[in-house]
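# Tertiary structure, described
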Amino acid sequence: MSNLEVGIVGLPNVGKSTLFNAITKAGAEAANYPFCTIEPNVGIVEVPDKRLQVLHELYNSKKTTPAAFRFVDIAGLVKGASKGEGLGNKFLEHIRQVDAVSQVVRCFENGDITHVEGSIDPIRDIEIINTELCLADLEVLERRLLKLVKLAKSGVKEAKVEEAILQRIKEALEQGQTVRSVELTDDEKAMIKEMNFLTAKPTLYIANVGEDEVTTADTDNEYVQRVKEYAATEGAEVVTISAKVESEIAELEDEDAREFLHELGLEESGLEKLIKAAFDLLGLMTFLTAGTDECRAWTITKGTVAPKAAGKIHSDIERGFIRAEIVNYDDLIAAGSVAAAREKGQVRLEGKDYVMQDGDVTNFRFNV
């Protein structure tokens, strides 16, 4: 199964690469001057899930495999990138394929770290980035329109339909509005899916705050409040993180990291908050498989039926699906074993129409 991908964008010097380094421990270059990253940095992180360790101990399994997330960090964008300012916008192509876009926004004052625009104003920063994303989408759209005109002339019926959809989108993009803001039917969305518009992707704003306000920023930081208000108008999620704190956590062993978070008065790390928000944004959940060989977490979309979930493990299991043997994680742990849960009537056999639930511990029966 391919990992979920989130692209990270932002202006230079907003803490983007610092945050990327911290959450992926990938050691991307992070410097206090613009344009230090040309190639995209890609890091894979494990999705934290305490349930896996508990299942590992219950089954005494040989290995444990968590779900994974890929983060793709591209060079900082500047105003006028589409016209070639800075390093231009060509590396936006690196994130055309991602599932969601997360935009890092600077919400802290620090005289030692210069801001490319000369002052701290998160809404202005968001609008600069969104404008550049709209212009990049417009370039892709205009290339497609040229092709469609030729196809329509040669009598391809669908070309006229697609052209009409793209003209509506073009009007929005020219006014600085995202593809997300254009009302499209499911059929229309399917028709333009291949275009991978950046501004059609679900968006998450990461408000990067100072380390001294990591517990209070959600309520007390005026910049964060403004980002939240802005995000609410477009149905986007906001996560408040201190890239500085995350980089300190990244240096620590797991136990020390927990203690450090506790001292700061935090329940979870920024990475955990970020992954939860991304899961919510993309409508994702996790089911689990467990046994002596391996305990594993699998990511699926909410509403997925059992055979499709089985297909995440192997296409043969989906093809030969008979039924799914399922026990709820909490019931299994309370009972102490599958046998004990079965005695209590908590192990169910579900068929092809069963909609998977988060935390289903599942054994698929199949025959190929």
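Residue positions are counted from 1 within each chain, in the order its sequence is given. This being a predicted model, a pLDDT of at least 70 is required before a residue's local features are given, and a value of 80 or more before pairs of side-chain atoms are given or counted; all residues contribute to the totals for chains, interfaces and linings. Values reported for side chains reflect all heavy atoms of the structure, with hydrogen atoms and water molecules removed beforehand.

### Remarks on the packing of helix H8 (residues 243–250) against helix H9 (residues 254–264)
- Axis lines are fitted to C-alpha atoms, over the contacting stretch for helices. Their N-to-C directions set the angle, which ranges from 0 to 180 degrees. Secondary structure elements follow DSSP: runs of H or I no shorter than four residues count as helices, runs of E no shorter than two count as strands, and numbering proceeds from the N terminus. Following both chains from N to C, one finds H8 and H9 inclined at 150 degrees, their axes separated by 9 Å at the closest point. Here the hand of the crossing between H8 and H9 comes out right-handed. Residue-level inspection shows Val245, Glu248 and Ile249 of H8 in contact with H9, the latter providing Ala257, Phe260, Leu261 and Leu264.
- Tallied by class, the residues present in the contact of H8 with H9 amount to six nonpolar, no polar and one charged. By convention, the crossing between two helices is left-handed when the near helix turns anticlockwise from the far helix through less than a right angle, and right-handed when the turn is clockwise. Contact criterion: two residues are considered in contact whenever any of their non-hydrogen atoms come within 4.5 Å of each other. Gly counts as polar in this scheme, as do all residues outside two lists: the nonpolar Ala, Val, Leu, Ile, Met, Phe, Trp, Tyr, Cys and Pro, and the charged Asp, Glu, Lys and Arg.

### What about the sheet that holds strand S1 (residues 4–9)?
- Within the open sheet, the six strands sit side by side as S2-S4-S1-S5-S6-S7. Their pairing is mixed. Where the open sheet ends on each side, the last strands, each with one partner, are strand S2 (41–46) and strand S7 (237–241). Here the average twist between neighbouring strands, direction ignored, is 25 degrees.
- Summarising the sheet, strand S5 (residues 100–106) and strand S6 (residues 203–208) pair through six bridges and their orientation is parallel. Bridging from a neighbouring strand, Val105 pairs with Ala207 of S6. Any two strands with at least two DSSP bridges between them are considered paired.

### Remarks on helix H2 (residues 50–59)
- All of the buried residues in H2 are Arg51, Leu52 and Leu55. Viewed along the axis of H2, the buried residues span an arc of 100 degrees, placing them on a single side of the element. Of the exposed residues in H2, the ones pointing more than 90 degrees away from its buried face are Lys50 and Glu57.
- Looking at the buried side of H2, the elements it contacts are strand S3 (63–65), strand S8 (284–289), strand S9 (294–301) and helix H13 (329–335).
- Among the residues trailing H2, Asn60 stands out with phi positive, at a value near 50 degrees. Exposure classes here rest on a 1.4 Å probe applied to the protein chains alone. A residue is buried below 20% of its type maximum, exposed above 50%, and partly exposed in between. Throughout, the arc means that of the directions going from the helix axis to the C-beta atoms.

### Details of a nonpolar patch on the surface
- A cluster of nonpolar residues, Val54, Leu58 and Ile333, forms a patch on the protein surface that exposes about 180 Å² of accessible area.
- Here Ile333 is to be found in helix H13. Patches were defined on residues exceeding 30% relative accessible area and lacking a salt bridge, with like-charge contacts within 9 Å and nonpolar side-chain contacts (Val, Leu, Ile, Met, Phe, Trp, Tyr) within 5 Å. Per-residue and other accessible areas were derived by the Shrake-Rupley procedure at a 1.4 Å probe size, with only the shown protein chains allowed to occlude residues. Salt-bridge detection follows one rule: a side-chain nitrogen of Lys or Arg within 4 Å of a carboxyl oxygen of Asp or Glu.

### Quick look at the pattern of salt bridges
- For the coordinates displayed, the defined rule picks out 25 salt bridges.
- Between Glu294 and Arg296 there is a salt bridge whose closest N-O contact spans 3.9 Å.
- Residues Lys308 and Glu318 are paired through a salt bridge, measuring 3.1 Å at the closest nitrogen-oxygen approach. Taken together, the residues span a long stretch of sequence, with Lys308 in helix H11 (residues 306–313) and Glu318 in helix H12 (residues 315–319) at a distance of ten residues.
- The exposure class of Lys308 is exposed, given its relative accessible area of 51%.
- Its relative accessible area of 28% is what places Glu318 among the partly exposed residues.
- A single salt-bridge network, built from bridges that share partners, covers Asp49, Arg51 and Asp358.

Interpretation note: all reported values are geometric properties and have no functional meaning in isolation.
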